[in-house]
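# Structural description and commentary
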Amino acid sequence: LTYEPMPGTEVLATAIRGEVDLGPTWLRRKLGEGAVYTLGFDPTEYTPQRCYVNCFDPGLDVALMLLKGAWREAGHGHYVVKHTVPGPERGVLLSSHDIDAPDANHGGQWGEAGAIRMADMEKQEGVTGTYFITTDYVANYYNSAIVKRLCQLGQCPEGGHSIQHLYWNDLPKGTCKETKATYVPSLPTVCGEVRVNFQMMRNSMPKGTRLDAWRTPYLEINPHQYTVLSQQGVIFDSSLSTGDVRGNFPVDLPTFPYYDLENTSKIKEMWVIPVNLEDGIGWYEDGVEQRREVSPKWLSEFKHRWAEQLEGNGANGGWNTLLIHPSMGVGKGVGPENLQTKIDATKWVIRYAKKIGLHVASITKLGDFWRGRHHTRLKDVTYKDGVYKGRIVVGKLPVRRFSLEFGDKIASFTHSTSSPTLLDGRR
């Protein structure tokens, strides 16, 4: 929609199609102590082409930035909001890996199993990765020793990734009583792929180890998926991309109107953490699926795409979820030596993220922060003569490394709890 601004109305943006200026589409009119904004566009469709992975799509971030800007103006620059990061950093990087190939589970001419080589690197870099495990005993490449070894390295798997790594969207729901003893490989179900996968993983993990995350094969969505996952105690899912949800923050699934899901209102809690960086670019050519894999030939292109997203989301306080398969990959020109390329590429992303001030952690640590942040409220906040006052009301879940962002640089911070505080500019 385009507008004819009245006198005293400021034009903030115009609409352009091709090289043609279509006229004002975003207006601001002062009113008393504040202002009225009029938008003639949908912020969720900010980009002209929807982006799936490996391309920056601000999507809903634009709407959040508009709200934050309005809040800043309403407070004459003196505002306080809950920061989106656990600490003073600009944004987040979550490094994740799908263990769904023979060379990720076993050693060979490529050296030690890919999952272990990746975990060793991340341990050396001082970060914890998130490992989603496929327990494919049907094709006979699952290696339970990998799960145990990952735990020994402090990189214990946090999520499941099915049994057979099948295309997922047409599978029936199943009975949700499936066990490995009753699992029928020729008749897979959503319940069977989830329940048996978790059963096998728990048999290889120390008792009490958390296993409450999930990623679906091929990032496909089944209408029954989230009700089944919720029944199995899953809290964090990473089966959608930023192109699906149009945002770069965790999504509160029970309130998200995704069009082809079973009734999500019965789900008690489920946070979807979308993928935006991946080690492959897929497309169809003459009806045949193609994939360009991270490899020496294409590494510079991937680095350019990843850097753009890390910088963009860092500027927005957004989250980045990296998906790297610790295996040689598929496609032309990809051989055993490409596993090291994947590991080096992951190391590059981790170091680049730290360099530009992003917080790097695993899905459970970051997810726990977001859950606690979600239930924490700011109340009775006031500003006068350079002093902010207010209350932080913690909800039903603890929140660690909780961070506030102010409109001003903070000189001192006092509070009535025993928690330590850190000042870093406006945070």
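Whatever comes next refers back to the structure up there.
The paragraphs below set out a description of the structure included in this document. In this text, all values refer to a predicted model and were calculated from it rather than measured experimentally. (Residues numbered from 1 in each chain as written. Predicted model: local features only at pLDDT ≥ 70, side-chain atom pairs only at ≥ 80, totals over all residues. Heavy atoms only, no water.)

### Concerning the sheet that holds strand β2 (residues 20–31)
Ordered by their spatial adjacency, three strands build an open sheet running β1-β2-β3, and the pairing between neighbours is antiparallel. Edge positions in the sheet fall to β1 (9–17) and β3 (34–39), since each has one partner strand and no second. With direction set aside, neighbouring strand axes in the sheet form an average angle of 25°. Of the pairings in the sheet, the one linking β2 to β3 comprises six bridges and is antiparallel in character. Across the sheet, the residue bridging to K30 is A35, located in β3. Packing against the sheet, helix α1 (residues 61–74) makes contact with β2 and β3, and its axis sits at approximately 160° to β3. (Pairing = 2+ DSSP bridges. Helix = DSSP H or I, 4+ residues; strand = E, 2+ residues; numbered from the N terminus. Axes fitted to C-alpha atoms, helices over the stretch in contact; angles between N-to-C directions. Contact = heavy atoms within 4.5 Å.)

### Some words on a nonpolar patch on the surface
A cluster of nonpolar side chains, namely I392, V394, F413 and L423, defines an oily patch on the protein surface of about 310 Å² accessible area. With respect to the helices and strands, the residue V394 is situated in the loop between β18 (387–393) and β19 (404–406). (Patch = residues over 30% accessible without salt bridge, like charges linked within 9 Å, V, L, I, M, F, W, Y side chains within 5 Å. Areas by Shrake-Rupley, 256 points an atom, 1.4 Å probe, with all protein chains shown as cover. Salt bridge = Lys/Arg side-chain N within 4 Å of Asp/Glu carboxyl O.)

### Structural notes on the packing of helix α3 (residues 114–124) against helix α4 (residues 144–152)
Running from amino to carboxyl end, α3 crosses α4 at an angle of 5°, the nearest separation of the two axes being 10 Å. Taken as axis vectors, α3 and α4 run roughly parallel relative to one another. Side by side, α3 and α4 meet where A115, I116 and A119 of the first sit next to I146, R149 and L150 of the second. Of the residues in the contact of α3 with α4, the class split is five nonpolar, no polar and one charged. (Parallel < 35°, antiparallel > 145°, perpendicular 65-115°, else oblique. Nonpolar A, V, L, I, M, F, W, Y, C, P; charged D, E, K, R; others polar.)

### A few points about the packing of aromatic side chains
Under the criterion given, the structure shown has eleven aromatic pairs. Between W26 and F41, the aromatic rings sit 6.3 Å apart at their centres with planes inclined by 70°, giving edge-to-face as the arrangement. Note that W26 is positioned in strand β2 and F41 in the loop between β3 and α1, a separation of 15 residues in sequence. For the ring pair F249 and W370, a centre distance of 6.1 Å and an interplane angle of 25° mean the geometry is stacked. One end of the pair, F249, is in the loop between α7 (242–245) and β10 (251–252); the other, W370, is in helix α10 (residues 363–374), with 121 residues separating them in the sequence. Taken together, the ring pairs in this structure connect W168, F198 and W214 into an aromatic cluster. The ring of Y137 carries the charged tip of K180 above its face, separated from the ring centre by 4.6 Å. The ring centre of W298 lies 3.9 Å from the NZ or CZ of R292, which sits over that ring. (Phe/Tyr/Trp six-rings, centres within 6.5 Å; stacked < 30°, edge-to-face > 60°. Lys NZ or Arg CZ within 6 Å of the ring centre and 35° of its normal.)

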